[in-house]
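# Breakdown of the fold
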Amino acid sequence: MLSLRENISKIAVPFLGAHPKPSSLHHSTTSPPPYTDPTIIAKLILETDNPETLTRNFHTLANWTPHLVHNVLKRLWNHGPKALHFFNILDTHPFYAHSATGFDHAIDIAARLRDYKTVWALVARMRSRKLGPSPKTFAIIAERYVSSGKADKAVKVFLSMHEHGCSQNLNSFNAFLDVLCKSKRAEMAYKLFNIFRGRFRADTISYNIIANGFCLKKQTPRALEILKEMVERGLVPTLTTYNIMLKGYFRAGQIKEAWEFFLQMKRRKVGIDVVTYTTVVHGLGVVGEVVKARKVFDEMIGAGVLPSVATFNALIQVLCKKDNVENAVLVFEEMLRKGYTPNVTTYNVVIRGLCHAGNMDRAIEYMDKMKDDNCKPIVQTYNVVIRYYCDDGEIEKALEVFERMTGGSCLPNLDTYNILISAMFVRKRSDDLSVAGKLLIEMVDRGFLPRKFTFNRVLNGLLLTGARSLGGKLDIVKNIKSDYFFLSCEPLRYLHVAGCRWLQMKEAKAVNSDNKQLPFPFCFSLSFMQAVH
DNA sequence: TTAGGGTTAG
C-alpha cells in the first residue's frame, strides 16, 4: 500500500533530542559533518514536529553562518511555514544574528505565502537592526505583489521606499520597472517610466527593460517605438538592445523579420555574441527549421563565437521537439566530447525529450546520471517524469518518483501537487481518492493555496466514495436539509453552499444562533453562512 | 535583484 512518505526512514541526526556529543562530531573527514550540511538540517526541520526540540538543538549549535542559513532556507523554499519557523528560531539564537540576505530571503518566503503582515514586520525588524531594507528588499516585495495581481500595491511600495529608510535611485527604479515588465505589465511600467524618467535620469538599461517588456507581450512594434525614442534622446543602443529585439521577433512568431534582423546585425557589425546565436538557434528550431538552426550553430564557431552550455541546451531542446530524441542525445554526447559539462537544464531537456518519446526507462537513467556531472534533479525534473508517468496511467510509478523526491530532499511544488492530484482521478479508485485527500492536506500545510477546482474535485471524490474524514485533518460535514458541505483542511476552511461554490474562509468563526462558538465539526446556521460572504 | 540566450504547456 501507499505509505505516502509517512514511513520514510528517519535519518540519523546526531543532535536530535540531545546535546551533541563532541566525540561523535568528527567521525568523517571526507564529507562535512551533518550539522553543517544544509540538506540534513532541512530534513531535520521537516521531520521534527516539536518546536522546542528544534529550538534547543539549533540554539546550542554555534556554527551558523549566513551562507548555511541561506542554503537551509533554499531547501525549505517549498515549505514556507517551516522555513519561516526556522528563520524565527535562529532569530532568537544567543550568538547568531541574521544577515540582510537572510531577512530578504525570509521576506520573500512570507510574501509568497501572501502573509504580508509578517513581511512588514520583518522589514521593520530589519530596519531596527540597521540591516536595511535595501532596494533589493523592495524589489522582492514588489515582485510578489505584482505576481499575486496587486500591481498597484507594488507601485505604492516603490514610491514609499524612502519612508522605510531606503533611498530611490536609478538602479532601484530600473529594478522596479523590470519587475513590472517581467510580470507582463509593460504598459504600467511605461507610464511610470514617463513620469519618473527625468527624475531618475533613465538610461539605456531603462529603455532596454521597457522594450523587453513589450517584447514579452509580443508587441514588437511598441518595442521598436520605445527604442526609436531612446535613440532620439541621444542614447546609444547596445548589443543587449539588439538581442532583446531579435528575441522579441522570434517570440512574436515574426520569423522572417527575426532572420532579417539577424542578418542586419551581422552586416552592421554590432559584435554579435553567443546570446545572439543562441537566440537564433532556439528561435529557428521552435518553428521547425531544425536544419537551419543546426547550420547557424555550426556557423558560430567559424565566426569565432564559442557555443555555451545554453546554446547546446537550445539545440538539444529543439531537436527533441521538432526532430528526434536520438539526434538530441547525439548532441548531448557531442557536448560531452567537447569538454562541456551539462547543467540541470541540459538534463531536464533531454529527460523531457525521452519521456515524450515514451522512453521512460531511459529518462530515469538520465536522472540517475545527473550526479556524474555534479548536479541533482530539481523539482522541475521530477515534475516532468511524474507528469509523463501519470499521462501513461502509471500512477504507482508516478507516486514512486514522488516518494523518491523527498528522499532526495527535494520538496514538491504547486505543480507537483496539481499533477498528482489530477492523476488520482483517472482510475476511479477510492484508495486513489484518499491519496488525493492526503496530498491536498499536505499542500495546504506547506503553504500552497489549492485552486477551488482542485478542492471541489477532491471533496466530491471523497463524498462519492463515502469518506467523511481523513485522519481528523480533513473532514466533511454534510447537512442534508440545507444541502451544504463543510470541509476543513487547516488552516483553510471551505464552505460549499447549495451546490454553488466553495468559499474560502480565513479565520472564520462558526457560531450558533446564541453567538456561541461551536466546536468542529458543527453545523452552520444560515445567518452564519451569509456572514461568511 | 540593473538589461539580453536553455526547462513547462497547448
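Each chain has its residues counted from 1, following the order in which its sequence is written. Labels are handed out in written order, letters beginning with A for the chains and numbers beginning with 1 for the ligands. Thresholds applied to this predicted model are a pLDDT of at least 70 for local features of residues and 80 or more for the giving and counting of side-chain atom pairs; totals over whole chains, interfaces and linings are not thresholded and use all residues. Remark: hydrogens and water are excluded; side-chain values derive from all non-hydrogen atoms of the structure.

### Remarks on the overall build of chain A
- Across its full length, chain A carries 26 helices and five strands.
- Residue exposure (1.4 Å probe, protein chains only): buried if accessible area is under 20% of the type maximum, exposed if over 50%, otherwise partly exposed. Across the 533 residues in chain A, those meeting the buried criterion constitute 49%.
- Contacts between residues were defined by any pair of non-hydrogen atoms, one from each residue, lying within 4.5 Å. In chain A, the share of contacts with a sequence separation of at least 24, taken over all contacts with a separation of at least 6, comes to 60%.
- Accessible surface area values rest on a Shrake-Rupley calculation with a 1.4 Å probe, where residue burial reflects the displayed protein chains alone. As displayed, chain A offers around 25,900 Å² of accessible surface, 53% of which is attributable to carbon and sulfur atoms. The way it works is that DSSP assigns letters per residue, a run of H or I at least four long becomes a helix, a run of E at least two long becomes a strand, and they are numbered from the N terminus.

### Describing the environment of threonine 53
- You can see threonine 53 is positioned in helix 2 (residues 51-60).
- Overall, the relative accessible area of 12% leaves threonine 53 in the buried class.
- One polar contact links threonine 53 to asparagine 50, side chain to side chain, over a distance of 3.0 Å. Throughout this description, a polar contact denotes any pair of N or O atoms lying within 3.5 Å of each other; where both atoms belong to protein, one of them has to be capable of donating a hydrogen while the other can accept it, and for residues adjacent in sequence the pair is counted only when both atoms sit in side chains.

### Looking at the UniProt feature "repeat: PPR" (unreviewed entry) in chain A
- UniProt positions are given in the numbering used here, feature names are shortened, and annotations may be inferred rather than shown by experiment. Per the UniProt record, "repeat: PPR" (unreviewed entry) is annotated on residues 134-168, 203-237, 238-272, 273-307, 308-342, 343-377, 378-412 and 413-450.
- Note that residues 134-168 is 63% helix and 0% strand, and that its end C-alpha atoms are spaced 10 Å apart.
- Between the first and last C-alpha atoms of residues 378-412 the distance is 9 Å; the span itself is 74% helix and 0% strand.

### Describing a positive patch on the surface
- Taken together, the side chains of Arg114, Lys150, Lys153 and Lys156 define a basic patch exposed on the protein surface.
- Assessed through its relative accessible area of 49%, arginine 114 is described here as partly exposed. To count toward a patch, a residue needs a relative accessible area over 30% and no salt bridge; like charges are then connected within 9 Å, while nonpolar side chains (Val, Leu, Ile, Met, Phe, Trp, Tyr) are connected within 5 Å. Any Lys or Arg side-chain nitrogen located within 4 Å of an Asp or Glu carboxyl oxygen qualifies as a salt bridge. Asp and Glu are treated as the negative residues and Lys and Arg as the positive ones, with His and the ends of the chain left uncounted. Charge positions are represented by NZ for Lys, CZ for Arg, CG for Asp and CD for Glu.

### Topic: the packing of aromatic side chains
- Note on ring pairs: Phe, Tyr and Trp rings are taken, using the six-membered ring of Trp, and paired if centres are within 6.5 Å. Classes follow the plane angle, with under 30 degrees stacked, over 60 edge-to-face and the rest tilted. This structure, assessed with the given rule, holds 25 aromatic pairs.
- Ring centres of tyrosine 116 and tyrosine 145 lie 4.5 Å apart, and the angle between their planes is 15°; on these two criteria the pair is classed as stacked. Here tyrosine 116, found in helix 6 (residues 116-128), pairs with tyrosine 145, found in helix 7 (residues 135-147); they are 29 residues apart in sequence, far enough to count as distant.
- When its relative accessible area of 15% is taken as the criterion, tyrosine 116 is described as buried.
- Their ring planes at 25° and their centres at 4.7 Å tell us that phenylalanine 173 and phenylalanine 200 sit as a pair that is stacked. One end of the pair, phenylalanine 173, is in helix 9 (residues 170-182); the other, phenylalanine 200, is in helix 10 (residues 186-200), with 27 residues separating them in the sequence. Just as phenylalanine 173 is buried, phenylalanine 200 falls in that class too.
- Sitting above the plane of the tryptophan 77 ring, arginine 112 keeps its charged end 4.1 Å from the centroid.
- Charge-over-ring placement is defined geometrically: NZ (Lys) or CZ (Arg) within 6 Å of the ring centre, and within 35 degrees of the ring normal. Cation over ring: lysine 369 sits above tyrosine 366, and NZ or CZ is 4.1 Å from the ring centre.

### Describing the environment of asparagine 413
- Mapped onto the secondary structure, asparagine 413 falls in the loop between helix 22 (395-407) and helix 23 (414-423).
- Exposure remark for asparagine 413: the relative accessible area of 13% places this residue in the buried category.
- Asparagine 413 sits 336 residues away from tryptophan 77 along the chain, and the two C-alpha atoms are 9.0 Å apart.

### Examining the nonpolar core
- Phe58, Trp64, Phe86 and Ile386 are the most contacted members of the largest nonpolar core, which has 152 residues in total.
- With residues up to four places along the chain from it excluded, the contact list for isoleucine 386 reads Ala398, Val401, Phe402, Met405, Thr416, Ile419 and Leu420. What we call a nonpolar core is a set of buried Ala, Val, Leu, Ile, Met, Phe, Trp, Tyr and Cys residues that are connected through their side-chain atoms within 4.5 Å.

### Brief notes about helix 16 (residues 290-302)
- Expected helix span is given by 1.5 Å per residue-to-residue step, counting one fewer step than there are residues. Helix length check: helix 16 (13 residues) gives 19 Å between terminal C-alpha atoms against 18 Å at 1.5 Å per residue, within 8%.
- When helix 16 is considered as a whole, its buried residues turn out to be Val290, Ala293, Val296, Phe297 and Met300. Viewed along the axis of helix 16, the buried residues span an arc of 120°, placing them on a single side of the element. When the buried face of helix 16 is taken as reference, the exposed residues oriented beyond 90 degrees from it are Val291, Lys295 and Gly302. Directions pointing from the helix axis toward each C-beta atom define the arc.

### Section: the packing of helix 21 (residues 379-391) against helix 23
- Closest axis-to-axis distance for the helix 21/helix 23 pair is 10 Å, and the angle between their directions is 10°. What the angle tells us is that helix 21 and helix 23 run roughly parallel. Where helix 21 crosses over helix 23, the handedness of that crossing is left-handed. Contact residues: helix 21 offers Val379, Asn383, Ile386, Arg387 and Cys390, while helix 23 offers Asp415, Thr416, Ile419, Leu420 and Ala423.
- Gly is placed with the polar residues, together with every amino acid not listed as nonpolar (Ala, Val, Leu, Ile, Met, Phe, Trp, Tyr, Cys and Pro) or charged (Asp, Glu, Lys and Arg). Here the contact of helix 21 with helix 23 is composed, by residue class, of six nonpolar, two polar and two charged. Simply put, an axis is a line fit to the C-alpha atoms, just over the touching stretch for a helix, and the angle between two N-to-C directions goes from 0 to 180 degrees. Roughly parallel means an angle under 35 degrees; roughly antiparallel, over 145; roughly perpendicular, 65 to 115; everything else is oblique. With the far helix as reference, a near helix turned anticlockwise by less than a right angle produces a left-handed crossing, and one turned clockwise produces a right-handed crossing.

### A short note on unusual backbone geometry
- Here the residue pair glycine 132 and proline 133 is connected by a cis peptide bond, since its omega of 0° sits within 30 degrees of zero.
- Notably, lysine 130 is not glycine yet its phi reads approximately 60°, a positive angle.
- Residue position: lysine 130 is located in the loop between helix 6 and helix 7.
- Of note, the phi angle at lysine 269 is positive, near 50°, even though the residue is not glycine.
- With respect to the helices and strands, lysine 269 occurs in the loop between helix 14 (255-267) and helix 15 (274-286).
- On the accessibility criterion, lysine 269 (71% relative accessible area) is exposed.

### Points about helix 10
- Over its 15 residues, helix 10 runs only 18 Å from end to end, short of the ideal 21 Å by more than 12%, given 1.5 Å per residue.
- A residue's bend is given by the angle between axes fitted to the 7 residues ending at it and the 7 residues starting at it. Maximum bend of helix 10: about 45°, positioned at asparagine 194.
- Taken as a whole, helix 10 has its buried residues at Ala186, Met188, Ala189, Tyr190, Leu192, Phe193, Phe196 and Phe200.
- Those residues of helix 10 that are buried are in contact with helix 8 (151-159), helix 9, helix 11 (204-216) and helix 12 (220-232).

### Thoughts on the protein's contact with DNA strand B
- The criterion for a residue being near a molecule or strand is simple. One of its heavy atoms has to lie within 4 Å of it. Around DNA strand B, the surrounding shell holds 38 residues, and the nearest of these are Asn243, Ser308, Asn313, Gln317 and Arg352.
- In the environment of DNA strand B, a base nitrogen lies 2.4 Å from a nitrogen or oxygen atom belonging to the side chain of serine 308.
- Among the elements of the structure, helix 7, helix 9, helix 11, helix 13 (239-251), helix 15, helix 17 (309-322), helix 19 (344-356) and helix 21 are those that each provide at least two residues to the surface near DNA strand B.
- Looking at the surface near DNA strand B, the element that brings in the most residues is helix 13, giving six residues.

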